[in-house]
Amino acid sequence: QVQLVESGGGLVQPGGSLRLSCAASGSIFSIDNMGWYRQAPGKQRELVAVITSGGSTSYADSVKGRFTISRDNAKNMYLQMNSLKPEDTAVYYCNAVRVLSSGSRINYWGKGTLVTVSS
């Protein structure tokens, strides 16, 4: 099992910055990709950014150039969010993919942290 706990959300004005953290515990040795997703009110959950175990990253077009994902091996992951916009308001979820010896992949999710961008 893998447990994920997000922190760092809050209220910020447009143009401001926040840094989200995700702390992983449990069977972290088998974690492969990690990522951040978000879900705005009335909308589906969407991918924000992903980082592989090798450090490769990818971003949603809507956050490219503003958000930066990083990780400390498989234990901690971060999302630096700059130039925040009201449309970034959402609950942000940490995701980790665990690879079993059989090759099966299991997704784990945190409970989320709320980011509100408003003046």
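Residues numbered from 1 in each chain as written. Predicted model: local features only at pLDDT ≥ 70, side-chain atom pairs only at ≥ 80, totals over all residues. Heavy atoms only, no water.

**Observations concerning the side chain of Arg 71**
Right, on to step 1. Along the polypeptide, Arg 71 turns up in strand E7 (residues 67-72).
Right, on to step 2. Although Arg 71 lies buried, it forms no salt bridge, and the closest oppositely charged side chain, Asp 32, sits 5.9 Å away as judged by the N-O distance.
Right, on to step 3. In terms of polar contacts, Arg 71 uses its side chain to reach the backbone carbonyl oxygen of Asp 32, at 2.9 Å.
Right, on to step 4. Within the local environment of Arg 71, its side chain forms a polar contact with the backbone oxygen of Thr 52, the two atoms lying 3.2 Å apart.
Right, on to step 5. The contact partners of Arg 71, leaving out residues within four places of it in the chain, are Ile 31, Asp 32, Asn 33, Met 34, Ile 51, Thr 52, Ser 53, Asn 76 and Met 77. (Helix = DSSP H or I, 4+ residues; strand = E, 2+ residues; numbered from the N terminus. Buried < 20%, exposed > 50% of the residue type's maximum accessible area, 1.4 Å probe, protein only. Lys, Arg positive; Asp, Glu negative; His and termini not counted. Salt bridge = Lys/Arg side-chain N within 4 Å of Asp/Glu carboxyl O. Polar contact = N/O pair within 3.5 Å; in protein donor to acceptor, adjacent residues only side chain to side chain. Contact = heavy atoms within 4.5 Å.)

**Here we look at the nonpolar core**
Right, on to step 1. Counting 29 residues, the largest nonpolar core has Leu 4, Met 34, Trp 36, Leu 79, Met 81 and Tyr 92 as the members making the most contacts within it.
Right, on to step 2. Counting residues per element, the ones that place at least two in this core are strand E1 (2-7), strand E3 (18-26), strand E4 (31-39), strand E5 (46-51), E7, strand E8 (76-81), strand E9 (90-99) and strand E11 (113-117). (Core = buried A, V, L, I, M, F, W, Y, C linked by side-chain atoms within 4.5 Å.)

**Quick look at the pattern of salt bridges**
Right, on to step 1. This model, assessed by the stated rule, comprises five salt bridges.
Right, on to step 2. Taking the shortest distance from any N to any O, the salt bridge between Arg 38 and Asp 88 comes out at 3.0 Å. Here Arg 38 is found in strand E4, whereas its partner Asp 88 is found in the loop between E8 and E9, with 50 residues between them in sequence. Pair check on accessibility: Arg 38 and Asp 88 agree, each one buried.
Right, on to step 3. The salt bridge partner of Lys 64 is Asp 61, with a shortest N-O separation of 3.1 Å.
Right, on to step 4. Three or more residues joined by partner-sharing salt bridges are found here, namely Arg 38, Glu 46, Arg 66 and Asp 88.

**Concerning the sheet that holds E3**
Right, on to step 1. Sheet architecture is open: four strands sit in the order E1-E3-E8-E7, paired in antiparallel fashion. Each edge of the sheet is formed by a strand with only one pairing partner; in this case those strands are E1 and E7. Each strand axis lies, on average, 15° off the axis of its neighbour in the sheet, ignoring direction.
Right, on to step 2. Pairing between E1 and E3: six bridges, direction antiparallel. Paired with Val 2 across the bridge in E3 is Gly 26. (Pairing = 2+ DSSP bridges. Axes fitted to C-alpha atoms, helices over the stretch in contact; angles between N-to-C directions.)

Function cannot be read off these values alone, since they describe shape.
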